[in-house]
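Read off the chains here:
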Amino acid sequence: MTATLEPRTSHDALTRTTATLVSTWVLATAVVAASLYGLLAETPYRSLPEATVVSARAQDACSIVVAGVLVLLVRGPVLSVAARLARLGLLAYLLYSYLIYVTGVPMNRVFLVYVLIVSLSGAGLLGGLLHIHDRPPASTASPGLTRTTGWVLVVTAVLFAGLWLSVLVPYALGGSVPEPQGVGGTPYPVFVLDLGAVLPAIAAVGVLLLRGRAVAGALAAVAMLKILTLFTALWAGPLLALATDADVHLGPDAVPSVLLLGASAWLTARWLRSFGPVPHQTPLPHSERRTP
């Protein structure tokens, strides 16, 4: 009886479906269209402060890059684990960013495009996360990387929640109106999204890592890439302002965000590498071996 080796695809890799390819192209096209409108139209962000407009246009430029990367990730017939997780991280960035556009920017001519981006990115992210939950991919991350990332995520969530609450709690107790505000005095969308959903989710992923849950590594890769892309886009605004001699506005999150930018870049690279490709040929279990 002779053991044989047969070509075998890792269960963690997935065949890229036509639906994924088409939805990604539609999403990328919508992102490019919305971003070009923001960059080229005369008043795409009317009634907003100049510093906010500069930041929004810098984010539009970053979003075009994200759209291109999304298309590149799904170009092949098979999606590796790293490609799948990178795609989910970029979808999380788009969902967060365009929820802010939908709720925090005066309605403009591409509002329906914003809605389409939110719908497609949200659906893609949800489907991907459900698949991760059902079949968590294996990771070679070390215990040290796992613990470090877990604490980074928990501390990040606590730190930013504290920053936002330091502005909002005094107002609730009779203090001055918090800045910034949303359009027309509505709540600032970042406060709503961060405190209501994003920061609790980031903290939850950190806790799952510290508890050693199987699904935590993949979620950590998604979370770190979302943080990386978001803070890259946020810091593109001040850099563009400096380049164009516009006023530079830095919020209370400036220092922690620049530190997180560097940390998230390093951690994202480490986590994506931990889901490296599996050799095309692996020994089959004894029960699956064929005999001549």
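Here's a quick rundown of the structure. (Residues numbered from 1 in each chain as written. Predicted model: local features only at pLDDT ≥ 70, side-chain atom pairs only at ≥ 80, totals over all residues. Heavy atoms only, no water.)

**Re a nonpolar patch on the surface**
Then, in step 1: On the surface, a cluster of nonpolar side chains totalling about 380 Å² of accessible area is made up of W151, V155, L159 and L210.
Then, in step 2: Take the nonpolar patch: its biggest share by element is 3 residues, from helix α5 (residues 143-172).
Then, in step 3: Among the secondary structure elements, L210 is positioned in helix α6 (residues 189-210).
Then, in step 4: Using a relative accessible area of 34% as the deciding quantity, one classes L210 as partly exposed. (Patch = residues over 30% accessible without salt bridge, like charges linked within 9 Å, V, L, I, M, F, W, Y side chains within 5 Å. Areas by Shrake-Rupley, 256 points an atom, 1.4 Å probe, with all protein chains shown as cover. Salt bridge = Lys/Arg side-chain N within 4 Å of Asp/Glu carboxyl O. Helix = DSSP H or I, 4+ residues; strand = E, 2+ residues; numbered from the N terminus. Buried < 20%, exposed > 50% of the residue type's maximum accessible area, 1.4 Å probe, protein only.)

**Topic: the nonpolar core**
Then, in step 1: Y45, L85, L94, Y98 and L153 are the most contacted members of the largest nonpolar core, which totals 70 residues.
Then, in step 2: Considering every element that reaches this core, the biggest residue donor is helix α7 (residues 216-243), with 15 residues. (Core = buried A, V, L, I, M, F, W, Y, C linked by side-chain atoms within 4.5 Å.)

**Here we look at the environment of V183**
Then, in step 1: Tracing the backbone through its elements, the reader meets V183 in the loop between α5 and α6.
Then, in step 2: Accessibility expressed as a relative area gives 33% for V183, which makes it partly exposed.
Then, in step 3: Separated by 79 residues in sequence, V183 and G104 have C-alpha atoms that sit 6.0 Å apart.
Then, in step 4: With residues up to four places along the chain from it excluded, the contact list for V183 reads L48, G104, V105 and P106. (Contact = heavy atoms within 4.5 Å.)

**Quick look at the packing of helix α1 (residues 18-40) against helix α3 (residues 81-104)**
Then, in step 1: Packing of α1 against α3 leaves a shortest axis separation of 13 Å and a crossing angle of 40 degrees. With respect to α3, the element α1 is oriented oblique. The two elements α1 and α3 cross, and the hand of that crossing is left-handed. Contact residues: α1 offers T20, T24, L27, V31, A34 and S35, while α3 offers R87, L91, L94 and Y98.
Then, in step 2: Considering only residue class, the contact of α1 with α3 consists of 6 nonpolar, 3 polar and 1 charged. (Axes fitted to C-alpha atoms, helices over the stretch in contact; angles between N-to-C directions. Parallel < 35°, antiparallel > 145°, perpendicular 65-115°, else oblique. Left-handed = near helix turned anticlockwise from the far one by under 90°. Nonpolar A, V, L, I, M, F, W, Y, C, P; charged D, E, K, R; others polar.)

**Looking at α5**
Then, in step 1: Given a rise of 1.5 Å per residue, 30 residues ought to cover 44 Å, and the 42 Å separating the end C-alpha atoms of α5 matches this to within 8%.
Then, in step 2: At L165, α5 shows its maximal kink, close to 35 degrees.
Then, in step 3: Taken as a whole, α5 has its buried residues at L145, T146, T149, G150, L153, V154, T156, A157, F160, A161, L163 and W164.
Then, in step 4: At the C-terminal side of α5, G174 shows a positive phi close to 105 degrees. (Expected span 1.5 Å × (residues − 1). Bend = angle between axes of the 7 residues up to and from the residue.)

**Side note on the packing of aromatic side chains**
Then, in step 1: For the coordinates displayed, the defined rule picks out 9 aromatic pairs.
Then, in step 2: With 6.0 Å between their ring centres and 85 degrees between their planes, Y45 and Y101 make a pair best called edge-to-face. With a gap of 56 residues between them, Y45 in the loop between α1 and α2 (50-73) and Y101 in helix α3 connect regions that are remote in the sequence. You'll find Y45 and Y101 in the same group, each marked buried.
Then, in step 3: Ring geometry for Y98 versus Y114: centroids 5.7 Å apart, planes at 45 degrees, classification tilted. Note that Y98 is positioned in helix α3 and Y114 in helix α4 (residues 111-134), a separation of 16 residues in sequence. (Phe/Tyr/Trp six-rings, centres within 6.5 Å; stacked < 30°, edge-to-face > 60°.)

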